[in-house]
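A closer look at the structure
This is what each chain is made of:
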Amino acid sequence: MAAPPAAIELEGLTRRYGERVALQDVTLTVPAGTTLVVFGPNGAGKSTLLRVLATLLRPHSGVVRVLGRALPDDGWAVRGRIGLLTHEPLLYRDLSGRENLRFHARLHGVAFDRVEELLERVGLRLRADDRVHTYSRGMVQRLAVCRAVLHDPDVLLLDEPRANLDPAATDLVEPLIGAASGRTRVVTSHDPAGGLAEADIALGLRGGRTAFVAPVDHVRNAEIGALYR
Amino acid sequence: MTTRAELPHTESPAGPSRPRGDEPPFVPLRVAVAALLRKELGLELRAPQAVPAMALFSITTLVVFHFALQRGQVDGDLASGVLWVTLLFAAMLGISRLFVADHEEGGLDGFLLAPTDRTAMLVAKAFGLFAFLAAVEVVAVPAFALMLLGPSPSIAAYGQLAVLLLLADAGIALVGTMVGAMAVQTRTRDLIVPLMALPLLIPVVIGAAKGTTPLLATAGPHSVEVRWLFVLGLYDLVFGLLAFALFDYLIED
Amino acid sequence: MLYGTRLRALSIATLVTMTAALALAFFYAPMDADQGFMQKIFYIHVPLGIVALCGFVWGGINGIQHLRTRDPKYDLRSYVAIHLSLVLGAGVLITGSIWARASWGHWWVWDEPTLVSFLIVFLLYATYQPMRFSIEDREKQARYASVFAVTAGAFVPLNFIAVRLAQAYTHPRVFATADGGLPAKMQLPFYLSLLGMALLYVTLWRYEMASKNTSWQLRALRRKLAGDDAVPPVGRTAAPTLPSS
């Protein structure tokens, strides 16, 4: 039986920002169902990497393949299978939680009962009809998680997913975006211990360049610390 | 559980909750446009900002015209000019605000992640702006007729005016969507919009103003010359094609 | 593409053609009975206008190429084309004003549809540089500038038609130019001047392209040899930047 195709393949991915380099020559493979954790200081290129994988940014050179499709040309084919969670929740503050999710559901061709199911699971059912600008930060984050997994994506791209979440809220979202969800995940993290605990593969970025990329058993805490110096 | 000002209820999308299979998920254009338009109009109904401001601005402009022109009544080409300048300047306000909410609240990214044609955003925004302009005209044209217009045009004349308004609004909506999308990325948004949009809209002003003049004249045939309908129609066609071809480049990253 | 080649030959050709054209205009072409000597500005004004408009369209064509290939060199070509045409455009408006004074006694008239539509086009393109300057992301700046160049390029003929129609039945054109058929003695200096203006535009365009290209290549070389820190950061600019490699 042939091994399932890799979910993400990068070869020499480069992306510039003006004259600076945001990502330089990043090469790695993420098998389906595994978790890649990306470490690095601010400005190292973690968010850029996520945005490239989400088809929001084009690579300037190199090869990017997500779920077997080459980006940017075949980006349209995989967009519906990728879920992105970033610092910005991508929600309209004047609409209610339910309306926001229904808007995204229409855009992704997802039935409304999925919206109700997710609202129930993250504990937002009672506040679903209140406008998002009345939500606390933790509630906004929970709603954003719903938005990211609404269409049941095969690949999850998570930029510091547990920010703004208290332990109770984290427990609620964990089955949706955690390792147990069975999806391929790319997660950025500033926390060496926590990050290594959930990783199958670890990538360290510094100034856009790869400091290390290896299966998690081969990576030590010290290497991660070194990125920040 | 009661909801406040809930958007009109529609059926849930037909697709299964968890699409599976090798077929890349894709949402048809009309579905995406409908979703975007609901959001657009829903937001404006929920938290009205653009339309009331534009309507109020148009009435204020009419008052300014009264004092600036030092007349109690206008007719013919002067009336036509006053009406169209008023509508045009109100449109500038609407264009400036068109993409602001999306830009600030990350709505554009949310749309870009959806498996649908990017043109949906163009269609939805243009229709939205068109709807806002029509709503403003429902206020501004009667206000103009009451406050400054000398002659009383017949129903037929108003009907022809409505046709001109529709054609002109289509052109303004198309140009406005393009310019609005460009301007939202700049740091001098409110300056760039009128500077860029007004020269581009001069053919619309020409066609609309010349076309409206006989309708608002005291005497003479109260009908629009076909020539001006042709100018407006041609303009809408050209800019429609341009917008269709170029808009995707404005919203991708 | 090397822009610096043949610059000397082009410059000489431009100089020769323009001098010949102006000489012919002054000495050979007939003096207009009504408008007098000032009418001769026509030999500068109209060719300048034609070349400027062609320049704007050339800017639009390069814009299309940039959007299709995403190669930044097309953005630079488009930028230089538009900004040169804008300079020429200012010349068109000034000479047009002088000519209006000669023909109609006023420094500006609305009767000449070509001049009026040119004013509108000029006002539009004048927003090009401020728009570029106000977008900080280089790639976005280039992309938006190309969209603008294409839109504005398509707008030029549309605008011309509209303004023409607006004037057509009220103010017949006073001076028949290329379409009315120029008298024989006026044709030679006019076409020579047109050629000269075209050469002038091409020469200036190549000069500016060569200059900008060279400074970017120099910068890239410095970076490669002395490291990223040897070159000061570019800062905000409306002009296109080329990648360092």
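About the thresholds
Residues numbered from 1 in each chain as written. Chains lettered and ligands numbered in written order. Predicted model: local features only at pLDDT ≥ 70, side-chain atom pairs only at ≥ 80, totals over all residues. Helix = DSSP H or I, 4+ residues; strand = E, 2+ residues; numbered from the N terminus. Buried ≥ 20, exposed ≤ 12 C-beta atoms within 10 Å, placed from the backbone. Contact = placed C-beta atoms within 7 Å. Pairing = 2+ DSSP bridges. pLDDT = per-residue confidence, 0-100. Expected span 1.5 Å × (residues − 1). Bend = angle between axes of the 7 residues up to and from the residue. Nonpolar A, V, L, I, M, F, W, Y, C, P; charged D, E, K, R; others polar. Core = buried A, V, L, I, M, F, W, Y, C linked by C-beta atoms within 7 Å. Axes fitted to C-alpha atoms, helices over the stretch in contact; angles between N-to-C directions. Parallel < 35°, antiparallel > 145°, perpendicular 65-115°, else oblique. Left-handed = near helix turned anticlockwise from the far one by under 90°.

1. Section: the overall build of chain C
From N to C terminus, chain C includes 7 helices and 0 strands. From first element to last, N terminus to C terminus, chain C shows the α and β order α-α-α-α-α-α-α. Here chain C holds 245 residues, and 39% of them are scored as buried. Within chain C, counting contacts between residues at least 6 apart in sequence, those at least 24 apart form 80% of the total.

2. Here's the deal with the pairing of strand S2 (residues 20–30) of chain A
Judged from the 7 bridges that link them, strand S1 (residues 8–17) of chain A and S2 of chain A form a sheet pairing that is antiparallel. Looking across to S2 of chain A, one finds that Ile 8 of chain A is bridged to Val 30 of chain A.

3. Here's the deal with the confidence of the model for chain C
Residue and element names in this part refer to chain C. In the predicted model, chain C carries a mean pLDDT of 83, and 89% of its residues have values of at least 70. Note on residues 170–179: pLDDT under 50 across the span, and 6 contacts to partners over four residues away in sequence or across chains. Confidence estimates for the predicted assembly give a pTM of 0.88 and an ipTM of 0.88.

4. Considerations on helix H6 (residues 119–147) of chain B
Because each turn of an α-helix spans 3.6 residues, side chains separated by three or four positions end up pointing in the same direction. Taking 1.5 Å per residue as the helical rise, H6 of chain B with its 29 residues ought to reach 42 Å, and the 41 Å between its terminal C-alpha atoms agrees with that figure. Its axis deflected by about 30° at Glu 137 of chain B, H6 of chain B carries its strongest bend there.

5. Comments concerning unusual backbone geometry
Residues and elements named next belong to chain A. With an omega of 0°, the peptide bond running from Leu 71 to Pro 72 counts as cis. Locating Pro 72 in the fold gives a position in the loop between strand S5 (69–71) and helix H2 (75–78). The phi torsion at Glu 160 lies on the positive side, around 45°, for a residue other than glycine. Structurally, the position occupied by Glu 160 is in the loop between strand S7 (155–159) and helix H6 (167–177).

6. Quick word on the interface of chain A and chain B
On the chain B side, the residues contacting the 32 residues of chain A number 33 residues. Taken together, the elements giving at least two residues each to the side of chain A that touches chain B come down to H2, helix H3 (97–108) and helix H4 (112–121) of chain A. Per-class residue counts for the side of chain A that touches chain B are 17 nonpolar, 4 polar and 11 charged.

7. Quick notes on the environment of Gly 60 of chain C
Residue and element names in this part refer to chain C. Tracing the chain through its elements places Gly 60 in helix H2 (residues 42–69). On a C-alpha basis, the gap between Gly 60 and Arg 222 in space is 33 Å, while along the polypeptide they are 162 residues apart. Discounting residues that sit within four places of it in the chain, Gly 60 has contacts with Ala 149, Val 150, Ala 152, Gly 153 and Ala 154.

8. Here we look at the nonpolar core
Core analysis: the biggest nonpolar cluster contains 213 residues, and Val 145 and Leu 157 of chain A together with Met 182 and Ala 197 of chain B have the highest contact counts within it. For this core, the element with the highest residue contribution is helix H7 (residues 155–183) of chain B, accounting for 15 residues. Filtering out sequence-adjacent residues up to four positions away, Leu 157 of chain A remains in contact with Leu 50, Leu 53, Ala 54, Ile 82, Gly 83, Leu 84, Leu 85 and Val 186 of chain A.

9. Some details on the packing of H3 of chain A against helix H5 (residues 137–149) of chain A
All names here are of chain A. Direction vectors running N to C along H3 and H5 enclose 20°, while the axes themselves pass 10 Å from each other. If you check the angle between H3 and H5, you find them roughly parallel. In terms of crossing hand, the pair formed by H3 and H5 is right-handed. Along its contact with H3, which presents Gly 97, Asn 100, Leu 101 and His 104, the element H5 presents Leu 143, Cys 146 and Arg 147.

10. Regarding the pairing of strand S9 (residues 201–206) of chain A
All names here are of chain A. Across the 6 residues of S9, 5 count as buried, placing the element largely inside the fold. The sheet contact formed by strand S3 (residues 35–39) and S9 spans 4 bridges and is parallel. Looking across to S9, one finds that Val 38 is bridged to Leu 203. Pairing of S9 with strand S10 (residues 209–215) involves 6 bridges; the strand directions are antiparallel. Bridge pairing in S10 places Ala 202 opposite Ala 214.

11. Some words on H5 of chain A
Residues and elements named next belong to chain A. Taking 1.5 Å of rise per residue, the 13 residues of H5 would be expected to cover 18 Å, and the 19 Å separating its terminal C-alpha atoms lies within 8% of that figure. Burial analysis of H5 places 10 of its 13 residues in the buried class, the great majority of the element. For H5, the full list of buried residues reads Met 139, Gln 141, Arg 142, Leu 143, Ala 144, Val 145, Cys 146, Arg 147, Ala 148 and Val 149. Packed against the buried residues of H5 are strand S6 (82–85), H3, H4, S7 and H6.

12. Comments concerning the environment of Ala 22 of chain A
Inspection of the secondary structure assignment puts Ala 22 of chain A in strand S2. Residues in contact with Ala 22 of chain A, not counting those within four places in the same chain, are Arg 15, Arg 16, Tyr 17, Gly 45, Thr 48 and Gly 208 of chain A.

13. A short note on the packing of helix H2 (residues 50–69) of chain B against helix H3 (residues 76–97) of chain B
All names here are of chain B. Taken N-terminus to C-terminus, the directions of H2 and H3 make an angle of 150°; their axes are 9 Å apart at the nearest point. Taken together, the axes of H2 and H3 lie roughly antiparallel to each other. Relative to H3, the crossing made by H2 is right-handed. Contact residues: H2 offers Ala 50, Ala 53, Met 54, Phe 57, Ser 58, Thr 61, Leu 62 and Phe 65, while H3 offers Val 82, Thr 86, Leu 87, Phe 89, Ala 90, Leu 93, Gly 94 and Arg 97. Residues that form the contact of H2 with H3 fall into these classes: 11 nonpolar, 4 polar and 1 charged.

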